[in-house]
Amino acid sequence: MKLALTALNKSYGSHAVLAIDTWQIPAGIFWIQGENGAGKSTLFRILAGMLPFEGTVVLDDSIDQKKQPILYRLRVNIGEAEPLYPSFLTPADLLHFVAEAKKSPPGQLEELVQALGINFLSQPLGACSSGMVKKTSLALAFLGQPGLIILDEPLITIDQEARSALFLLIKKYHSRGVSFLLSSHQPFDPADLPLSGGFLLQNRTLVPLPV
Ligand SMILES: Nc1ncnc2c1ncn2[C@@H]1O[C@H](COP(=O)(O)OP(=O)(O)OP(=O)(O)O)[C@@H](O)[C@H]1O
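Residues numbered from 1 in each chain as written. Predicted model: local features only at pLDDT ≥ 70, side-chain atom pairs only at ≥ 80, totals over all residues.

- Taking an unreviewed UniProt entry as the reference, the protein is identified by name as ATP-binding cassette domain-containing protein belonging to Arundinibacter roseus.

What follows is the structure, encoded as structure tokens:
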């Protein structure tokens, strides 16, 4: 997987949030850091195809998000920092819907449910704790056959067991060729996760950081 951005600009009204001339990452696991309000979630939502922006985002030198939106969205998944879902839906409803939309291979959904300890499949999300909702969102982010999985603050609200399960899943999918973009205000322990590189989002652009 290779991701390349060119002349990417994003503003909310008159508030400019991102101005990235060029940025490229090869396959790997990358940590994006930045202060509160630096624009990490905005960048992640743009990369996931959820927000309009100026510029180009291209995967593997060939899949342009704006020109091949369906193919692009099959290859890029996101787990949002603070996911919000309709309260009447259950984790099972969401997981089955997304599994179908993302062309999930047989057995994948069950494997993710088991790995993340989602033993509340039929409980409406409105009655789930924030950690339960977050675990559901993390399972959703792995569904299908993505080349890139973006996880915005994946560690918030989940317990130690789920955190270990998540690190194992990231390593397993990475060994199959999936790349990851992660944000976290807490550092990742190299014993938990082998990072390929890091970037700081500052002054609306991305600066490489030593890992
Ligand atoms: N929908 C929106 N409308 C207007 N401004 C927004 C919107 N979403 C984000 N912003 C602004 O864009 C800037 C970047 O926000 P963003 O959520 O991308 O930052 P972040 O780096 O993810 O922050 P945090 O670490 O606090 O989660 C902030 O100044 C924020 O107020």
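Back to the text.
**Comments concerning the UniProt feature "domain: ABC transporter" (unreviewed entry) in the protein**
- Mapped onto this structure's residue numbering, the UniProt feature "domain: ABC transporter" (unreviewed entry) falls at residues 3-209.
- With 30% helix and 29% strand, residues 3-209 has its two end C-alpha atoms placed 18 Å apart. (UniProt positions renumbered as here; feature names shortened; annotations may be inferred. Helix = DSSP H or I, 4+ residues; strand = E, 2+ residues; numbered from the N terminus.)

**Some remarks on the pairing of strand β8 (residues 179-183)**
- Burial runs high along β8: five of the five residues are buried.
- Judged from the four bridges that link them, strand β3 (residues 29-33) and β8 form a sheet pairing that is parallel. Bridged to isoleucine 32 within β8 is serine 183.
- Note that strand β7 (residues 148-152) and β8 share five bridges and pair parallel. Note on β8: the bridge partner recorded for leucine 148 is serine 179.
- Following the chain from β7 across helix α6 (residues 160-175) to the adjacent parallel β8, one finds a crossover that is right-handed. (Buried ≥ 20, exposed ≤ 12 C-beta atoms within 10 Å, placed from the backbone. Pairing = 2+ DSSP bridges. Right-handed = clockwise from strand over helix to strand, strands pointing away.)

**Points about the site of the ligand**
- Neighbouring the ligand are Tyr12, His15, Val17, Gly34, Asn36, Gly37, Ala38, Gly39, Lys40, Ser41, Thr42 and Ala81.
- Among the elements that line the shell around the ligand, the one with the most residues is helix α1 (residues 40-47), at three residues.
- Residues that form the shell around the ligand fall into these classes: four nonpolar, seven polar and one charged. (Near = placed C-beta within 6 Å. Nonpolar A, V, L, I, M, F, W, Y, C, P; charged D, E, K, R; others polar.)

**Concerning helix α3 (residues 91-101)**
- When α3 is considered as a whole, its buried residues turn out to be Pro91, Leu94, Leu95 and Ala99. For α3, the angular spread of buried residues about the axis comes to 125°, placing them on one side. Turned more than 90 degrees off the buried face of α3, the exposed positions are Glu100 and Ala101.
- Turning to α3, the residues buried within the fold contact α4 (108-115) and α5 (130-142).
- Downstream of α3 by a residue or two, lysine 103 has a phi angle that is positive, lying close to 55°. (Arc of directions from axis to C-beta. Contact = placed C-beta atoms within 7 Å.)

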